[in-house]
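# Structural characterization, general
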Amino acid sequence: MLMEFWQYAFEMLVWPGIIGAAALGFFYLWIARKLIARLQGRKGPPFYQPFFDFVKLLGKDTVISQGVSPALFYMLPFLSLLATGFGLMIVPVPGHTVGSFPGDIVLLLYLLEVPVICDVMAGYVSKSIYGQVSAMREAVMSLAYNLPLLAAVIALAQSVGSFRISDLQAAPYGLVTGLAVIAFFVAIPARLKSNPFSIPNAEQEIVAGAHIEYNSAPLAIFELSHAMEVVLLFDTFFVLFVPRLSNPIANAVLYLAVGLGLIALVTLVAATTARLTVKRAFRFYWLWGGLAATAAMVVAVIG
Amino acid sequence: MNLFARLLAISRRKSPWIYTVNSGSCNGCDIEIGPCVSPRYDGEQLGMLRQGSPKHADILVVTGTMTRRSREAVMSIYAQMPGPKAVVAIGSCPASGNVFAGSPVVDGPLDSFIPVDVWVSGCPPRPQLILEGVAQAAQLLADGKTAYQKKKAQSC
């Protein structure tokens with residue numbers, strides 16, 4: 001019993017939980033910044049940059065605007081972090097030991113959505129007009145990209161006949177998987193708020209997005225949570241669409257390669273596109289993402 | 001100095017986030033700040049990022065003379081920044097008023113309103129100098145030697 005407790009604590013805190021995912025997430029964020037800098041002909045930030053940004057923010061004083069509830073102000077970033085931490089715990093990435101249980105993919109999808117809700121609430125709580133615009137946009141975008149994302153997963157589950165991650169992982173490849181990959185991949189840039197879907201956190205346009213009034217340690221926790229979200233989303237992609245190799249080392253290498261490939265692709269898209277308006281982004285997701293998702297669903301039900 | 005304090009000092013040196021405010025400049029200095037984040041000078045190598053909100057910034061970069069119209073705004077922005085914070089004054093105008101000295105709408109040097117840590121001279125200064133000024137301010141933040149940090153240490 002005690003043994004099991006320590007096992008869960010390790011999963012939550014070290015790997016695949018908070019510490020390991022934070023390190024990996026900061027690494028991905030650094031790759032994104034460096035790649036954008038190189039594509040623009042700059043040298044870019046040094047390797048440790050996201051980590052130092054995080055530590056610096058932790059060491060600052062906190063300013064809370066008048067009329068903002070301190071309890072909510074401090075609670076939201078931690079809620080976001082906790083949800084991501086629990087999400088990381090249940091995804092069977094290499095080095096993971098907690099067993100799969102029926103319906104865990106549903107729980108995972110809910111946990112993936114919690115940071116978004118925290119962001120929306122952070123925007124409204126801030127009492128800043130820019131924060132509120134950002135919160136509204138984020139809520140709309142969440143409606144937009146969740147159609148292809150959820151439909152991809154549901155189509156997969158329908159074709160396998162189970163809502164269990166280990167069953168989905170063991171499922172053979174088919175037309176459904178191909179269509180679901182497209183639908184899922186299309187949703188990734190919007191989920192990470194990168195160009196052309198950097199609509200909720202649009203710099204220059206609405207200043208700094210939902211986190212505009214956040215500063216010091218709460219902002220640092222939000223940044224950390226975002227880094228871990230990247231890892232969680234890539235983990236989900238990995239377990240759903242990438243075959244599991246029997247050799248643990250080869251599996252770990254494959255895991256890293258998939259993560260690096262995804263962040264490189266997302267960054268490439270971000271560096272070469274300009275921001276869309278909310279309306280166009282919404283139409284894109286409900287038309288093309290919706291088409292891919294519907295096709296996947298039809299194939300899953302018929303085949 | 002314990003481990004976290006040492007790490008924090010390094011982080012403050014390596015990650016200066018700036019917020020720029022124009023308190024009545026002729027726009028010459030603002031044009032020179034732009035290239036600091038462009039490919040030629042690339043301030044991101046120093047970890048420098050321009051932030052849209054003063055609440056995210058560590059260093060306030062002020063250009064131009066302190067005009068009467070912008071005095072309240074500059075002081076309010078300074079007050080909104082979470083500490084520890086530093087101020088870098090760009091160009092001759094914040095220091096002396098430059099060619100606008102003696103004008104009835106100019107309110108005297110910047111440091112009679114907010115504490116200034118680094119003065120960058122020039123009319124306008126080159127981007128290299130501005131970057132050096134920001135790097136110096138970040139070093140002061142790391143050493144705990146900015147005017148804000150000294151005042152706080154005294155009051156404790």
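Up top you'll find the structure we're talking about.
In short, a report on the structure.

Rules used in this analysis
- Residues numbered from 1 in each chain as written.
- Chains lettered and ligands numbered in written order.
- Predicted model: local features only at pLDDT ≥ 70, side-chain atom pairs only at ≥ 80, totals over all residues.
- Heavy atoms only, no water.
- Salt bridge = Lys/Arg side-chain N within 4 Å of Asp/Glu carboxyl O.
- Helix = DSSP H or I, 4+ residues; strand = E, 2+ residues; numbered from the N terminus.
- Buried < 20%, exposed > 50% of the residue type's maximum accessible area, 1.4 Å probe, protein only.
- Lys, Arg positive; Asp, Glu negative; His and termini not counted.
- Contact = heavy atoms within 4.5 Å.
- Axes fitted to C-alpha atoms, helices over the stretch in contact; angles between N-to-C directions.
- Left-handed = near helix turned anticlockwise from the far one by under 90°.
- Nonpolar A, V, L, I, M, F, W, Y, C, P; charged D, E, K, R; others polar.
- Patch = residues over 30% accessible without salt bridge, like charges linked within 9 Å, V, L, I, M, F, W, Y side chains within 5 Å.
- Areas by Shrake-Rupley, 256 points an atom, 1.4 Å probe, with all protein chains shown as cover.
- Phe/Tyr/Trp six-rings, centres within 6.5 Å; stacked < 30°, edge-to-face > 60°.
- Lys NZ or Arg CZ within 6 Å of the ring centre and 35° of its normal.
- Buried area = accessible area lost by both parts, 1.4 Å probe.
- Polar contact = N/O pair within 3.5 Å; in protein donor to acceptor, adjacent residues only side chain to side chain.
- Expected span 1.5 Å × (residues − 1).
- Pairing = 2+ DSSP bridges.
- Right-handed = clockwise from strand over helix to strand, strands pointing away.

## Focus on the pattern of salt bridges
Opposite charge on two side chains permits pairing when their charged atoms draw close. Under the counting rule described, the total for this entry stands at 13 salt bridges over all chains. Between E44 of chain B and R42 of chain A there is a salt bridge, with its nearest N and O atoms 2.6 Å apart. Here E44 of chain B, found in the loop between α2 (28-33) and β2 (49-50), pairs with R42 of chain A, found in the loop between α2 (18-39) and α3 (49-58), and the two come from separate chains. Note on accessibility: E44 of chain B and R42 of chain A belong to one class, buried. Between D107 of chain B and R68 of chain B there is a salt bridge whose closest N-O contact spans 3.0 Å. Taken together, the residues span a long stretch of sequence, with D107 of chain B in the loop between α4 (93-96) and β5 (118-120) and R68 of chain B in helix α3 (residues 68-80) at a distance of 39 residues. What makes D107 of chain B buried here is its relative accessible area of 14%. Through salt bridges with shared partners, a single ionic network connects R33, R42 and D53 of chain A together with D42 and E44 of chain B.

## Observations concerning the side chain of D104 of chain A
Residue and element names in this part refer to chain A. Take D104: it is sitting in helix α5 (residues 104-125). R164 provides the closest opposite charge to the buried, unpaired D104, separated from it by 5.8 Å. Residue contacts for D104: discarding those within four places in its chain leaves I90, F163, R164 and I165.

## Some thoughts on the packing of helix α1 (residues 2-13) of chain A against helix α4 (residues 70-90) of chain A
Residues and elements named next belong to chain A. Look at α1 against α4: their axes get within 8 Å of each other, and the N-to-C directions meet at 120°. As α1 packs across α4, the resulting crossing turns out to be right-handed. The residues of α4 that touch α1, namely those facing Y8, E11 and M12, are L82, G85, F86 and M89. Residues of the contact of α1 with α4, tallied by class, amount to five nonpolar, one polar and one charged.

## Looking at a nonpolar patch on the surface
All names here are of chain A. A surface patch of nonpolar side chains, about 450 Å² in accessible area, is lined by V106, Y110, L150, I154 and F163. Looking at the nonpolar patch, the elements with two or more residues in it are α5 and α6 (129-160). Given the relative accessible area of 40%, F163 is considered partly exposed.

## Overview of the packing of aromatic side chains
This model, assessed by the stated rule, comprises 20 aromatic pairs over all chains. Ring centres of Y28 of chain A and F234 of chain A lie 5.5 Å apart, and the angle between their planes is 55°; on these two criteria the pair is classed as tilted. Here F234 of chain A lies in helix α9 (residues 216-241) and Y28 of chain A lies in helix α2, a separation of 206 residues in the sequence. Using a relative accessible area of 1% as the deciding quantity, one classes Y28 of chain A as buried. Centroid distance Y48 of chain A to F52 of chain A: 4.9 Å. Interplanar angle 45°. Geometry classified as tilted. Look at F52 of chain A and you get buried, because its relative accessible area is 9%. Over the aromatic face of W17 of chain B sits the side chain of K56 of chain A, whose NZ or CZ is 3.7 Å from the ring centroid.

## With respect to the interface of chain A and chain B
Contact residues are listed per partner, giving 30 residues for chain A and 30 residues for chain B. Here chain A and chain B share an interface that buries about 2,400 Å² over both sides, 55% of which is from carbon and sulfur atoms. The tally of links from chain A across to chain B stands at seven salt bridges. With its nearest N and O atoms 3.1 Å apart, the salt bridge here joins R42 of chain A to D42 of chain B. The interface formed by chain A and chain B contains 23 residue pairs in polar contact (both at pLDDT 80 or more). In the side of chain A that touches chain B, the residues fall into 14 nonpolar, eight polar and eight charged.

## Topic: helix α8 (residues 175-191) of chain A
For an α-helix, 3.6 residues make a turn, and residues three or four places apart therefore share a direction. All names here are of chain A. Under the 1.5 Å per step criterion, the end-to-end length of α8 is 25 Å for 17 residues, consistent within 8% with the ideal 24 Å. At its buried positions, α8 is contacted by α5, α6, α9, α10 (248-272) and α11 (278-302). Positive phi appears at K193, one or two residues downstream of α8, with a value of about 55°.

## Quick notes on unusual backbone geometry
Across the junction of N195 of chain A and P196 of chain A, the peptide omega takes the value -5°, indicating a cis bond. Although it is not a glycine, D42 of chain B adopts a positive phi angle of roughly 45°. Tracing the backbone shows D42 of chain B in the loop between α2 and β2. With phi around 50°, N98 of chain B is a residue other than glycine that occupies positive phi space. Relative to the helices and strands, N98 of chain B is located in the loop between α4 and β5. Since its relative accessible area comes to 25%, N98 of chain B is described here as partly exposed.

## Section: the pairing of strand β1 (residues 17-22) of chain B
Residues and elements named next belong to chain B. As judged from the two bridges shared by β1 and β2, these two strands associate in the parallel manner. Of the residues in β2, the one forming a bridge with W17 is L49. With respect to chirality, the unit in which β1 leads through α2 into the neighbouring parallel β2 is right-handed.

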